[in-house]
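Here's the letter readout for the chains.
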Amino acid sequence: MSDYMEETGDPFTGKKKEELKKFLEYMGLTYDEQITHSIVLRKEKEIIATASCQKNIIKCVAVSEAYQGQNLLAHLMTSLIEYFYGMGIFHFFGFTKPQNKELFCSMGMYPVAQTEKILLLENDKNGLEKFLKRLKKETQEQQKCKVENRHENGIGAVVMNCNPFTRGHEYLIREAAKKNKWLHIFILSEEQSFLTTRERYQLVKEGIQEIPNVILHQTSEYMISPAVFPTYFIKEKAKAYEMNCQLDIQLFGERIAPELNITDRYVGSEPACDVTHTYNQCLREQLPCYQIRFHEIPRKTYGDQIISASEVRKKYAENQLKSVCGMLPESTWRYLERKKNETKTI
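Residues numbered from 1 in each chain as written. Predicted model: local features only at pLDDT ≥ 70, side-chain atom pairs only at ≥ 80, totals over all residues. Heavy atoms only, no water.

Peer 1: Account for the pairing of strand 7 (residues 119-122), naming residues and giving values.
Peer 2: Neither face of strand 7 is left uncovered, since the one carrying L119 and L121 and the one carrying L120 and E122 both have all their residues buried. Direction of pairing for strand 5 (residues 93-96) relative to strand 7: antiparallel, over a ladder of four bridges. Residue pairing in the sheet places T96 in a bridge with L119 of strand 7. Here strand 6 (residues 110-114) runs beside strand 7; their pairing, made up of four bridges, is antiparallel. In the strand pairing of strand 7, Q114 is matched with L119. Joining the antiparallel neighbours strand 6 and strand 7 is a turn of four residues. (Buried < 20%, exposed > 50% of the residue type's maximum accessible area, 1.4 Å probe, protein only. Helix = DSSP H or I, 4+ residues; strand = E, 2+ residues; numbered from the N terminus. Pairing = 2+ DSSP bridges.)

Peer 1: Could you give an account of the sheet that holds strand 3 (residues 46-54), naming the residues involved and the relevant values?
Peer 2: Overall, mixed pairing links the seven strands, which are arranged 1-2-3-4-5-7-6 in an open sheet. Lying at the two open borders of the sheet, with one neighbouring strand each, are strand 1 (5-9) and strand 6. The sheet shows a mean angle of 25° between the axes of neighbouring strands, taken without regard to direction. Strand contacts of helix 1 (residues 14-26): strand 1, strand 2 (37-43), strand 3 and strand 4 (57-63), with the helix running at about 100° to strand 3, the strand carrying the most contacts. (Axes fitted to C-alpha atoms, helices over the stretch in contact; angles between N-to-C directions. Contact = heavy atoms within 4.5 Å.)

Peer 1: Can you lay out the sheet that holds strand 9 (residues 182-187) for me, pointing to particular residues and giving the numbers?
Peer 2: Reading across from one edge, 10-9-8-11-12 is the order of the five strands in this open sheet, with parallel pairing throughout. In this open sheet, the two edge strands, each paired with only one partner strand, are strand 10 (214-218) and strand 12 (293-297). Here the average twist between neighbouring strands, direction ignored, is 25°. Bridge analysis of strand 8 (residues 155-160) against strand 11 (residues 264-268) gives three bridges, and the strand direction is parallel. Looking at strand 11, one finds that V158 is bridged to Y266. Its contacts with the sheet put helix 4 (residues 127-143) on strand 9 and strand 10, and the angle it makes with strand 10 is roughly 145°. Set on the sheet, helix 5 (residues 167-178) makes contact with strand 8, strand 9, strand 10, strand 11 and strand 12; between it and strand 8 the angle comes to about 170°.

What follows is the structure in structure tokens.
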């Protein structure tokens, strides 16, 4: 590697970022603005190879055609892994084109799920199996102190952000719980800008205590919002989100749902957000392929306004939380009031 110079950025800015964007564009890729760390290899000041990541997700990997077959990818992956370990990250993922499968597998990555356009890999050969085992153990432990709904036979599922947990989320959960023997609630574990994963999980736990047949889970990286999936390698940008939805739904339908015997999935209707509406439509079309019934529950309203977590966050930032107190369960209201007061005293 003495002929090449390695350079890193957290991430790159200015001229160096523009050079990286141009190189990726030349390689048929798009720079991902969510990147948190990048590595480039240069020869005589020109970029010849690069790899980046967003937290624990590898992305924007490319080696110039003239330098392929010279172990540059191995060098990039080694540098990225050293970076991960230095950051305390020991479980990481990669999204790429299916035709790159052999290449990434040779670098110690293992396939998790694959569609026609997208391949998801991870560095733990048994990572998904460990996650499924954890879900099953959580289910068995929670069922010991819960009571099933003996009037129904289905096993339902709801996947939520709950940032924060509102009466809209509570309503959806109650409606789904009425119609199923057991209801699994998956709280997306990717960190949010308002409340942490731990805060969101705890608020949901407190808000559903009176519902006897619900089982609560955190999701890990195997169930993340398709909105955060990388699209840097997808040329058809207009269809990129739907492709990501397909991968998410396939992973849920083929691996997660069968492990927990899930037969039904529930969502709230989405009249305002085009992204969520598209995701719901993909669920409606694709879940039946996995023998899973899809249910869309009309959103709960507060007065003439649809209950919305984004509206709560907006009013919180504007110091007008009282104006949306009717949208929140008492436990969420108390927590946000306390959080706001603590922020004021700092």
